[in-house]
Amino acid sequence: MRYSSQRDTVLKVVKAARDHPTADTIYSRVRAELPKISLGTVYRNLNSLVDAGRVRRVSIPGKADRFDHTLGWHSHLYCNCCGGVVDADVDEKQVMKLVKNQKGHVQDCAVVLIGVCEACCEKQAQENAH
């Protein structure tokens, strides 16, 4: 992968993010540093970074893809309440057992849980207490 200052800025923004941002959010953050960058350039650079294994794509059915700087295997939780994505605590050994028992050849496995995040659960509990 050839060096590109735009790609480097996109990567820097993804690495600094803790919220699994969408391409649109990354675009907004990159524009703070590179005001003339286009959304298409951000998308192309994100795709290149995913293809090169420098960034991970988090696909959520029916929602915009999110991007993650943590490359090691892990799962995510999509919150129906706030729309956020957080890392989820899933037993990797159990998932690998499921994968191992499949016929054919599994190339990748992504677990995305859909529900309500801890912060929203706490907020709802506080609201219900009042």
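The rules behind each value
- Residues numbered from 1 in each chain as written.
- Predicted model: local features only at pLDDT ≥ 70, side-chain atom pairs only at ≥ 80, totals over all residues.
- Heavy atoms only, no water.
- Helix = DSSP H or I, 4+ residues; strand = E, 2+ residues; numbered from the N terminus.
- Buried < 20%, exposed > 50% of the residue type's maximum accessible area, 1.4 Å probe, protein only.
- Polar contact = N/O pair within 3.5 Å; in protein donor to acceptor, adjacent residues only side chain to side chain.
- Contact = heavy atoms within 4.5 Å.
- Lys, Arg positive; Asp, Glu negative; His and termini not counted.
- Salt bridge = Lys/Arg side-chain N within 4 Å of Asp/Glu carboxyl O.

Student: In this structure, what is going on with the side chain of T22? I would like to understand it.
Tutor: Following the sequence through the fold, T22 ends up in the loop between helix 1 (5–16) and helix 2 (23–31). Using a relative accessible area of 15% as the deciding quantity, one classes T22 as buried. One polar contact links T22 to T25, side chain to side chain, over a distance of 3.1 Å. With residues up to four places along the chain from it excluded, the contact list for T22 reads A64, D65, R66 and F67.

Student: Explanation requested: the side chain of D68 in the structure shown.
Tutor: In this structure, D68 sits in strand 2 (residues 66–68). One buried charged residue, D68, remains without a salt bridge, the closest side chain of opposite sign being R56 at 5.8 Å. Within the structure, the side chain of D68 is placed 2.9 Å from the backbone nitrogen of T70, a separation counted as a polar contact. For D68, the side chain forms a polar contact with the side chain of H76, separated by 2.9 Å. Excluding its chain neighbours within four sequence positions, the residues that come into contact with D68 are V14, H20, V55, R56, V58, H74, H76 and D87.

Student: How do you make sense of the pattern of salt bridges when you look at a structure like this?
Tutor: Should the charged atoms of two oppositely charged side chains come close, the side chains can pair. In the structure shown here, the tally under the stated rule is three salt bridges. The closest approach of N and O atoms between E33 and K12, which form a salt bridge, is 2.8 Å. Highlighted residues: E33 in the loop between helix 2 and helix 3 (39–51) and K12 in helix 1, separated in sequence by 21 residues. Note on E33: relative accessible area 42%, which makes it partly exposed. Where R29 meets D19, a salt bridge forms, and the shortest distance between an N and an O atom there is 2.6 Å. Placement of the pair is R29 in helix 2 and D19 in the loop between helix 1 and helix 2, with a sequence separation of ten residues. The partly exposed category is assigned to R29, whose relative accessible area is 32%.

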